[in-house]
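The primary structure of each chain is shown beneath.
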Amino acid sequence: MAESGIVFNIQRYTIHDGPGLRTELFLKGCPLHCRWCSNPEGLCRQPQVGVYRSKCIGRRACGACVQACPAGEEAFRFTVGKLAGIDRTLCTDCLACLEACPSDALKLWGQRMTVDQCMEIIRRDRGYYERSGGGVTVSGGDPLVQSDFVAALFAACRAEGIHTCCESTLCFAWPVVERLLPVTDLWISDLKMMDSARHRHYTGEGNALILRNLQTLASLGQELILRIPIIPGVNDDRANIEASAAFIRGQLGGRVRCLQLLSFMRLGTEKYKSLGMSYQMSDVRMNRRAFQRKVGLIAAYFNSQGIHCLVGTHEKD
Ligand code: SF4
Ligand code: SF4
């Protein structure tokens, strides 16, 4: 059977995740649950149905979702006649409601695609990759949750001379990462925070595996882009920044092509709502100007330590 994966978004002409112009595929599933995640639709491995109440034409006028659902009306919550949510404990993600809905009130997050289907889209922009030094990036979620699919996709890219970049948490046993080495040109990963207990508190997992995998990739001469999402009150303290710099300098042996600082933004809140999930960073208070100044100072510190660091994801910044 042709290798296939569950993809929840494909962006063409992106310039943020790797060099040049790229086609980026976002894959479902992630081993972490970072509290600030802006892609909650990427967390669960399976396709999911999201609810957009403003687009519902009303239960009286329609009600097709309730009719189609094997769990019946218990699975749905309507407010003022419009669909407001799905009871996720009853929903089996069978997608029957989505097929029945005549409006865009129900959105599918994730669909199964074969390597050939993805390659058909990827090939359309081959000329742009060649002119800009770009290629293909897989992200998510975390693409290594679907590592068989990524290995097959990247092998197909390589066979056609297309540059490959994998953006992963690296929170996997080493063999999962290792099997991608022959087909991956560039890795992008986060160094969210150095204290493992704090890392577990905010992401659901400790960081020992991630740090070890980063060290191993560096020792094998793999090319890395590192990122730190700077989250106020979580990892922007001096001790964490100094420990991060010491780790990069001491353990990653000059293999970090650049360190990118991503300033915290409240993103994805509508998607959380559509999936019936709660967004856990809504009470973060900050003065945006002062915060941006602080992020700039952190970047200056890393550069003073001999680590090429920029604010944002565009390498030409
Ligand atoms: S996806 Fe969930 S809510 Fe929709 S029909 Fe299937 S079980 Fe019911
Ligand atoms: S099928 Fe769609 S439009 Fe009709 S009631 Fe359900 S969500 Fe609303």
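Description of the structure in this document. Predicted model only: the values in this text are computed from it and were never measured.

**What about the overall build of the protein?**
Here is step 1 of the chain: Along the protein, the regular secondary structure elements total eleven helices and 13 strands.
Here is step 2 of the chain: The C-alpha radius of gyration computed for the protein amounts to 21 Å, which stays within 12% of the reference 20 Å derived for 317 residues, consistent with globular compactness.
Here is step 3 of the chain: Counting only C-alpha atoms, the protein reaches 65 × 50 × 35 Å along its principal axes.
Here is step 4 of the chain: Expressed as a percentage of contacts within the protein between residues at least 6 apart in sequence, the contacts between residues at least 24 apart total 74%.

**Concerning the site of ligand 1**
Here is step 1 of the chain: In the region of ligand 1, 14 residues are neighbours, and Cys69, Cys91, Cys94, Ala96 and Cys97 sit closest.
Here is step 2 of the chain: For the shell around ligand 1, the residue count by class is twelve nonpolar, one polar and one charged.

**Regarding the packing of helix H3 (residues 115-123) against helix H5 (residues 147-159)**
Here is step 1 of the chain: Here H3 crosses H5 at 40°, and the two axes come no closer than 10 Å. In terms of orientation, H3 lies oblique with respect to H5. When you trace H3 past H5, the crossing you get is right-handed. Across from Val115, Cys118, Met119 and Ile122 in H3, the residues of H5 making contact are Ala152, Leu153, Ala156 and Cys157.

**Considering the site of ligand 2**
Here is step 1 of the chain: Residues in close proximity to ligand 2 total 14 residues, the closest being Cys56, Cys62, Cys65, Cys101 and Ala105.
Here is step 2 of the chain: Here the residues of the shell around ligand 2 sort into eleven nonpolar, two polar and one charged.

**Observations regarding the nonpolar core**
Here is step 1 of the chain: Counting residues in each nonpolar core, the largest one holds 62 residues, and the members touching the most others are Val150 and Leu153.
Here is step 2 of the chain: Other than its neighbours up to four places away in sequence, valine 150 contacts Val138, Pro143, Leu144, Cys166 and Leu180.
Here is step 3 of the chain: The next biggest cluster of nonpolar side chains, apart from the first, holds twelve residues, and it includes Phe76, Leu83, Ile86 and Leu106.

Conventions and cut-offs
- Residues numbered from 1 in each chain as written.
- Chains lettered and ligands numbered in written order.
- Predicted model: local features only at pLDDT ≥ 70, side-chain atom pairs only at ≥ 80, totals over all residues.
- Helix = DSSP H or I, 4+ residues; strand = E, 2+ residues; numbered from the N terminus.
- Rg over C-alpha atoms; globule rule 2.2 N^0.38 Å.
- Contact = placed C-beta atoms within 7 Å.
- Near = placed C-beta within 6 Å.
- Nonpolar A, V, L, I, M, F, W, Y, C, P; charged D, E, K, R; others polar.
- Axes fitted to C-alpha atoms, helices over the stretch in contact; angles between N-to-C directions.
- Parallel < 35°, antiparallel > 145°, perpendicular 65-115°, else oblique.
- Left-handed = near helix turned anticlockwise from the far one by under 90°.
- Core = buried A, V, L, I, M, F, W, Y, C linked by C-beta atoms within 7 Å.
- Buried ≥ 20, exposed ≤ 12 C-beta atoms within 10 Å, placed from the backbone.

Everything listed here is a matter of geometry and, on its own, says nothing about what the molecule does.
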